[in-house]
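Structural characterization, general
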Amino acid sequence: MQSRRSFIQQAALVAAGLAIQPTRILAGGKPTAIPGKLGIQLYTLRDELSKDVKGTIAKVAKAGYQQVETFFNYQGANSDFWGLSTPEFKALLKQHHLTTPSGHYQLSDYLTKGNGDDSALKAQLDIAAGAGQEYFVVPIPPHYLWDKYPVPVDDYKFIAAQLNKAGELAKQSNLKVGYHNHFWEFRKLPDGKDTAYDILLQETDPSLVFFELDLFWAEKAGHSPASLFKKAPGRFPMWHVKDMDKNASNPVPDTEAVRIQDIEGDIKFAEVGTGSIDFKQIFTNASAAGVKYLFVEQDKITIDPFESIAKSAAYVKKHLMK
C-alpha cells in the first residue's frame, strides 16, 4: 500500500508540472518561470495605511507595483480594510489598476491545539473571496509556539491537519490556503534531523495547502530556498522578496528557544538589492518552486517609505524579472 508520505511526494511532483509558468530567460541565458507582475505585501506600509489608505494605495501604484497582498486585522463581523468595506477596498485597487491575488488572515484560535475554533476562518474566507483573492494565507503560527523549544511536534501536526481542513473549506470559495514562514518553523525537532517546517510540508496535502516562502526568514534560519524547492517542488507559488542588512546576517540558532527580542539587534532589513541575499541565484530556481506571485516586503524601513518601496521595485524589475 502506498504510504502517505510517498503519495504526498508524488502529488507534489504533479503539482510542480501544473504550476510552471511560461518560460522566460534571465540574464546569463538561464530559462526560468518568473511572474510578469510585481506585488507588495501591504504590511510594509502599515503605518501609512492607517493614516491614509487611499493616498497610500495610489502611491503603491505610482511606485511600480501591479499587485498587493493584504494583511487583515480580524476583529469580528465589523472588520474592514483600514476603514473601507471589502467592496470599497476592491474598487480602490481597481481605480489604480491593482489586483490582490493574496491576503494574510488571522487564524490563531483555529490553529491552536485544544481550541480549533473555525468561526474566524469561515468569516475571513468570505472576505478573501469578496476581495477577489486566490490565496488565503496563514501569516504566523499561534503566539505560544514562537519561542517554545523543544519543538512540540504534535502541535505542528495539529496545525498541518487544520490547514488541510481549511484547504477543503476554501475550495468552496475558489480559494487556496497558503502558509507563510518566519524562523520558528525551521527549528530542529528532537530527532535532530527534521524541522517544524518539514512537518508542515509532509503532513499537508499538496492539492490543498501551498507555501509562501519568506526568503528573508528562510535565509535567516540558515535554510537555502533552493533546497526547499527541491524538497517540495511546485509548492511555493508565492515568495516574499525581502532583503537582509549586510551587517546583520548571522543565522538564528535552530536548537534552542529564541525570542525575537533576544536577537532584535541582528534582525535588520534592507531595500531589495542593497542587502546580503543573493536573489539572482534564488530566482534561477523559480520553475522548481512553481512561483506565481512575487511580493516585496520590508518589515522595518529607515528611509522615506515610498522611496523605499520604489527602490525595491526598480531593482526587482530591472535585475530579477528580466
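Refer to the structure above for everything that follows.
Every value quoted in this text rests on a predicted model; they were computed, and no experiment measured them.

1. So, the side chain of R187
Looking at the element boundaries, R187 is found in the loop between β7 (176-180) and α8 (196-203). In this structure, R187 is buried with no salt-bridge partner, the nearest side chain bearing the opposite charge being D147 at 6.2 Å. There is a polar contact of 3.1 Å between the side chain of R187 and the backbone oxygen of W184.

2. A look at the nonpolar core
Formed by 89 residues in total, the largest nonpolar core has its most connected members in F236 and W239. Among all residues touching F236, those that are not within four sequence positions of it are Y197, L201, F211, L213, L228, F229, A289, G290 and V291. Grouped together as the second largest cluster of nonpolar side chains are six residues, Y135, V137, F210 and Y293 included.

3. Focus on the packing of helix α6 (residues 119-130) against helix α7 (residues 153-171)
Where α6 meets α7, the closest approach of the two axes is 11 Å, and the angle between their N-to-C directions is 40°. In terms of axis orientation, α6 runs oblique to α7. Pair α6 / α7 crosses with right-handed handedness. In this structure, α6 contributes L121, K122 and L125 to the contact, and α7 contributes A166, L169 and A170.

4. Re the packing of helix α3 (residues 53-62) against helix α4 (residues 86-95)
Two packed helices can be described by the angle between their axes and the distance between those axes. Relative orientation of the contacting elements α3 and α4 amounts to 35°, with a least axis distance of 9 Å. Pair α3 / α4 crosses with right-handed handedness. Counting all contacts with α3, which are made through V53, K54 and I57, the residues of α4 involved are F89, L92 and L93. Here the residues of the contact of α3 with α4 are counted per class, giving five nonpolar, no polar and one charged.

What counts, and where the lines are drawn
- Residues numbered from 1 in each chain as written.
- Predicted model: local features only at pLDDT ≥ 70, side-chain atom pairs only at ≥ 80, totals over all residues.
- Heavy atoms only, no water.
- Helix = DSSP H or I, 4+ residues; strand = E, 2+ residues; numbered from the N terminus.
- Buried < 20%, exposed > 50% of the residue type's maximum accessible area, 1.4 Å probe, protein only.
- Lys, Arg positive; Asp, Glu negative; His and termini not counted.
- Salt bridge = Lys/Arg side-chain N within 4 Å of Asp/Glu carboxyl O.
- Polar contact = N/O pair within 3.5 Å; in protein donor to acceptor, adjacent residues only side chain to side chain.
- Core = buried A, V, L, I, M, F, W, Y, C linked by side-chain atoms within 4.5 Å.
- Contact = heavy atoms within 4.5 Å.
- Axes fitted to C-alpha atoms, helices over the stretch in contact; angles between N-to-C directions.
- Parallel < 35°, antiparallel > 145°, perpendicular 65-115°, else oblique.
- Left-handed = near helix turned anticlockwise from the far one by under 90°.
- Nonpolar A, V, L, I, M, F, W, Y, C, P; charged D, E, K, R; others polar.

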